[in-house]
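# Tertiary structure, described
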Amino acid sequence: MILAREPKSAIDQAAQICRVIEACRNAIAAQEAHLCGLDRAIGDGDHGTNMRRGLEALAAERQQLAAMPVPEAMIAAGTILVMSIGGAAGPLYGTLLLEIGKGLAAEPAQAKFPDVFQQAVAAVARRGKSHPGEKTLLDVLYPFSEAVISDTPLQQLAEKAQGFADMTIDMKAMRGRASFLGERSVGHMDPGAASCALLCQVVCHELAKAGAA
Ligand code: ADP
Ligand code: MG
């Protein structure tokens, strides 16, 4: 499972962290217009731009992050995302990484990553005062964390993530700007769910390439 196996050396681990950050930055950059389009339909059209800014800020710091122990790197990365993504999504993505970092620091046995991840997702829900089924990024994070707990192989996890985002199309938005549209939000994919699925897929693919599964 993710992070379950120690990379061979600190150098390997640093290179892997850099590759994951770069891959996330590239994927978000490639989908910036698409994510803005999704947000234009049910929000204010800035989600792709917000995420692009956040991932660029993360990528600019990747060498420093990669040199840190993983828990500290997660906390630092979360802080960068809170400050750089902005909007509603910044504090939520930031909370996810901050809480993963805190959880890993408290529980250094990396085999516990699925539990740490699930608790971090619960912290995101508390931060957003939101629940699954309300057409937000939590509709990807929650079922994804359950699949992680169930030890789903990385390739299948990546495929499931997009399916979770697709399921937000039929949901009515109950949180964030999209909730102002009520029933008119139905029929559109939630932009936060789309960016979240994309990032989950990229991380899974990179870890699979690195042989972490
Ligand atoms: P803003 O809405 O401030 O313009 P973004 O466009 O960057 O911010 O992010 C919008 C996304 O944030 C939504 O698509 C949704 O997934 C997520 N979101 C917004 N509010 C909440 C909330 N209270 N809980 C969980 N996710 C939320
Ligand atoms: Mg927006």
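Being a predicted model, the structure only gives us computed values, none of them experimental.

### Section: the packing of aromatic side chains
Scanning all chains against the criterion turns up two aromatic pairs. Between Phe-113 and Phe-117 the ring centres are 5.8 Å apart and the planes differ by 15 degrees, which places this aromatic pair in the stacked class. You can see Phe-113 and its partner Phe-117 sitting in helix 7 (residues 113–128), four residues apart, about one turn around the helix. A residue is classified by how much of its surface remains accessible, and Phe-113, at 5% relative accessible area, is buried.

### Here we look at the packing of helix 7 against helix 8 (residues 138–149)
In the contact formed by helix 7 and helix 8, the axes pass within 9 Å of each other and the chain directions differ by 160 degrees. With respect to helix 8, the element helix 7 is oriented roughly antiparallel. Considering the relative orientation of helix 7 and helix 8, their crossing is left-handed. On helix 8, the residues that touch Pro-114, Asp-115, Phe-117, Gln-118, Val-121, Ala-122, Val-124 and Ala-125 of helix 7 are Leu-138, Leu-141, Tyr-142, Phe-144, Ser-145, Glu-146, Val-148 and Ile-149. Among the residues making up the contact of helix 7 with helix 8, the classes are represented as 12 nonpolar, two polar and two charged.

### Some thoughts on the nonpolar core
Proteins that are soluble and globular tend to have nonpolar side chains buried together. Ranked by internal contacts, the top residues of the largest apolar core, which has 59 residues, are Tyr-93, Ile-100, Phe-117, Leu-141 and Phe-144. When residues no more than four places from it in sequence are discounted, the contact partners of Phe-144 are Phe-117, Leu-157, Ala-161, Phe-164, Cys-200 and Cys-204.

### Section: the side chain of Glu-206
Relative to the helices and strands, Glu-206 is located in helix 10 (residues 191–209). Residue Glu-206 is classed as buried on the basis of its relative accessible area of 11%. The contacts of Glu-206, once residues within four sequence positions are left out, are Arg-19, Val-20 and Ala-23.

What counts and what doesn't
- Residues numbered from 1 in each chain as written.
- Chains lettered and ligands numbered in written order.
- Predicted model: local features only at pLDDT ≥ 70, side-chain atom pairs only at ≥ 80, totals over all residues.
- Heavy atoms only, no water.
- Phe/Tyr/Trp six-rings, centres within 6.5 Å; stacked < 30°, edge-to-face > 60°.
- Helix = DSSP H or I, 4+ residues; strand = E, 2+ residues; numbered from the N terminus.
- Buried < 20%, exposed > 50% of the residue type's maximum accessible area, 1.4 Å probe, protein only.
- Axes fitted to C-alpha atoms, helices over the stretch in contact; angles between N-to-C directions.
- Parallel < 35°, antiparallel > 145°, perpendicular 65-115°, else oblique.
- Left-handed = near helix turned anticlockwise from the far one by under 90°.
- Contact = heavy atoms within 4.5 Å.
- Nonpolar A, V, L, I, M, F, W, Y, C, P; charged D, E, K, R; others polar.
- Core = buried A, V, L, I, M, F, W, Y, C linked by side-chain atoms within 4.5 Å.

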